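Geometric and topological summary
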Amino acid sequence: MAAIRQLINGKLIDAGDRAVLLLDDQAQPVYLCYALIVRESDNEIFPESLLDDWGYEIKSLHLYEWIQENGLQFPRAEIFGFDATGKRKQCFLRELDLMARYPCYAFEDIRTPIANGMLIEAILIPNRQTIQPKRIKRPLEIEGPLQDALVSWWQVPVGNLEGVDMQLFALARD
């Protein structure tokens, strides 16, 4: 098994020790993986599945929605997944910071190990009316765990981003 990943079309742009994701419906697929934060340690767990109090198992992106809606009522629900090195990990929901935004990691290949994911600092949305990069609020049409990702959102000019300092996008995360 593997950590739950979301397929999205976009282009990863390496910004040194960070990365940004340019959303583009015409680009190659990118796979996003959202980490949950373990309280009192700041360690992360990349979920593979959730087992609720009744034995019902969730193995899809719906897991994040279930946690948002039910996590406080079911602290004994269990998360099975992987730590940042790819080692198997298991914990109860009560051990997680359920209010934390999700660190978002990107992979160009679905088979890439968790340990090789690129931390995404910003999501770039091309806009024909934009002349220079502009920080924006998360667009309302963004759904799923991406809406709760620990990233900043930017409108950028359509076309070439050469000459734009990629570190600009990493300065302020939501």
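A brief report on the enclosed structure follows. (Residues numbered from 1 in each chain as written. Predicted model: local features only at pLDDT ≥ 70, side-chain atom pairs only at ≥ 80, totals over all residues. Heavy atoms only, no water.)

Another point: the side chain of S152. You can see S152 is positioned in strand β12 (residues 152–157). Here W154 takes part through its side chain, which lies 2.9 Å from a polar atom of the side chain of S152. (Helix = DSSP H or I, 4+ residues; strand = E, 2+ residues; numbered from the N terminus. Polar contact = N/O pair within 3.5 Å; in protein donor to acceptor, adjacent residues only side chain to side chain.)

By secondary structure assignment, the location of E78 is in strand β7 (residues 78–82). The buried charged residue E78 lacks any salt bridge partner; its closest oppositely charged side chain belongs to R94, at an N-O distance of 8.4 Å. A polar atom in the side chain of E78 sits 2.3 Å from the side chain of Q90. Those residues in contact with E78 that sit more than four places away from it in its chain are S49, L50, L51, Q90, C91 and F92. (Buried < 20%, exposed > 50% of the residue type's maximum accessible area, 1.4 Å probe, protein only. Lys, Arg positive; Asp, Glu negative; His and termini not counted. Salt bridge = Lys/Arg side-chain N within 4 Å of Asp/Glu carboxyl O. Contact = heavy atoms within 4.5 Å.)

Quick look at the pairing of strand β1 (residues 6–14) now. In terms of strand pairing, β1 meets strand β3 (residues 29–34) through four bridges, oriented antiparallel. Bridge pairing in β3 places L7 opposite Y31. (Pairing = 2+ DSSP bridges.)

Inspection of the secondary structure assignment puts S41 in the loop between β4 (36–38) and β5 (43–51). Through-space distance from the C-alpha of S41 to that of L96 is 9.7 Å; in sequence the pair is 55 residues apart. From its side chain, S41 meets the backbone oxygen of V38 in a polar contact 3.2 Å long.

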